[in-house]
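# Coordinate inspection notes
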Amino acid sequence: MMLYILRHATAEEAVSSGDDGARKLTERSKEKMRGASAGLRAMGLKFDAILTSPLARAAQTAEIVSAAYENTPPPQVLPALATGVAAADAVAALRAFAKHGDVMIVGHEPQLSAIASILLTGAADVVHLKLKTGGCIAIDLPARFERGGGELRWMLTHRQLRTMRK
């Protein structure tokens, strides 16, 4: 199975008194994410499940990716992908989707890099990645979400994904 780890696109600036979870994507980043999603599709990628953090910026990003695939599959909220959840807990929650084949998760840093590290090495703090907004990682996994059982296939930035469009 292949796991695609996508960081949400660029969100509005945080307001000191506002709810961080309600921050939405900027109009410019929505357009860029549509281009990146077209790049994913042009690469021939398909997803059996698109799982997203419940926070607005991640959910919007997942909706844009899903729309590039005619909403097949539609995004599903996975609360374990929210900010503040330990990466090990998120990996445990992902095990329920091991039979889905190719899965995309959409969430936040630093959790996403820690999830990748766990899947590649078995520990959250061994591989140090800095996944930029709109960036994506592809990890080839054995049949289950095992610690240390994954193999990194590629890591692309938002800009690189957009150049994959045809």
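Residues numbered from 1 in each chain as written. Predicted model: local features only at pLDDT ≥ 70, side-chain atom pairs only at ≥ 80, totals over all residues. Heavy atoms only, no water.

Here we take up the overall build of the protein chain. Looking only at helices and strands, the protein chain features 5 helices and 6 strands. Shown N-terminal to C-terminal, the secondary structure of the protein chain runs as helices and strands in the order β-α-β-α-β-α-β-α-β-β-α. For the protein chain, whose C-alpha radius of gyration is 15 Å, the value lies close to the compact-globule estimate of 15 Å for 166 residues. Expressed along its principal axes, the backbone C-alpha trace of the protein chain runs to roughly 40 × 40 × 25 Å. Every one of the 166 residues in the protein chain was classed for burial, and the buried ones make up 49%. Summed over its atoms, the accessible surface of the protein chain is roughly 7900 Å², and 51% of this surface lies on carbon and sulfur atoms. Each charge sign in the protein chain was given a centre, from 21 positive and 16 negative side chains, and these centres are 5 Å apart. (Helix = DSSP H or I, 4+ residues; strand = E, 2+ residues; numbered from the N terminus. Rg over C-alpha atoms; globule rule 2.2 N^0.38 Å. Buried < 20%, exposed > 50% of the residue type's maximum accessible area, 1.4 Å probe, protein only. Areas by Shrake-Rupley, 256 points an atom, 1.4 Å probe, with all protein chains shown as cover. Lys, Arg positive; Asp, Glu negative; His and termini not counted. Charge placed at Lys NZ, Arg CZ, Asp CG, Glu CD.)

This part covers the packing of helix 1 (residues 27–42) against helix 2 (residues 56–68). Contact geometry of helix 1 with helix 2 gives a least axis separation of 9 Å together with a crossing angle of 45 degrees. Overall, the two elements helix 1 and helix 2 adopt an arrangement that is oblique. The handedness of the crossing between helix 1 and helix 2 is right-handed. Here Lys30, Met33, Arg34, Ser37, Leu40 and Arg41 of helix 1 lie close against helix 2, whose contacting residues are Gln60, Thr61, Ile64, Val65 and Ala68. (Axes fitted to C-alpha atoms, helices over the stretch in contact; angles between N-to-C directions. Parallel < 35°, antiparallel > 145°, perpendicular 65-115°, else oblique. Left-handed = near helix turned anticlockwise from the far one by under 90°. Contact = heavy atoms within 4.5 Å.)

Next up on the list: the environment of glutamate 146. By the element assignment, glutamate 146 lies in the loop between strand 5 (136–140) and strand 6 (151–156). The class of glutamate 146 is partly exposed, set by a relative accessible area of 29%. Glutamate 146 sits 108 residues away from alanine 38 along the chain, and the two C-alpha atoms are 30 Å apart.

Let us now look at helix 2. Taking 1.5 Å as the rise per residue, helix 2 with 13 residues should run 18 Å; its terminal C-alpha atoms sit 19 Å apart, in good agreement. For helix 2, the buried fraction is high: 10 of the 13 residues fall into the buried class. Among all positions of helix 2, only Ala56, Arg57, Ala58, Ala59, Gln60, Thr61, Ala62, Ile64, Val65 and Ser66 are buried. Turning to helix 2, the residues buried within the fold contact strand 1 (2–7), helix 1, strand 2 (49–52), strand 3 (75–77) and strand 4 (103–107). Two residues or fewer past helix 2, glutamate 70 is found with a positive phi of approximately 55 degrees. (Expected span 1.5 Å × (residues − 1).)

Along strand 4, 5 of the 5 residues are buried, which leaves the element largely enclosed by surrounding structure. Burial along strand 4 is two-sided: Val103, Ile105 and Gly107 facing one way and Met104 and Val106 facing the other are all buried. Note: strand 1 against strand 4, 5 bridges, orientation parallel. Bridge pairing in strand 4 places leucine 3 opposite valine 103. Here strand 2 pairs with strand 4 via 4 bridges, running parallel. From the neighbouring strand, threonine 52 faces strand 4, where its bridge partner is valine 106. (Pairing = 2+ DSSP bridges.)

Using the criterion set out here, one finds 3 aromatic pairs in the structure. Summarising the aromatic geometry, the rings of tyrosine 4 and phenylalanine 47 are spaced 5.3 Å apart at their centres and angled 80 degrees between planes, so their arrangement reads as edge-to-face. Note that tyrosine 4 is positioned in strand 1 and phenylalanine 47 in the loop between helix 1 and strand 2, a separation of 43 residues in sequence. Phenylalanine 47 carries the same exposure label as tyrosine 4, and that label is buried. Consider the rings of tyrosine 4 and tryptophan 154, whose centres lie 6.0 Å apart with planes at 40 degrees: the pair is tilted. With tyrosine 4 in strand 1 and tryptophan 154 in strand 6, this pair connects stretches of sequence that are 150 residues apart. An aromatic cluster is defined as three or more aromatic residues linked by ring pairs; in this entry it consists of Tyr4, Phe47, Tyr69 and Trp154. Its guanidinium or amino end placed over the ring of tyrosine 69, arginine 41 lies 5.5 Å from that ring's centre, counting from NZ or CZ. (Phe/Tyr/Trp six-rings, centres within 6.5 Å; stacked < 30°, edge-to-face > 60°. Lys NZ or Arg CZ within 6 Å of the ring centre and 35° of its normal.)

Spatial relationships are all this shows, so hold off on functional conclusions.
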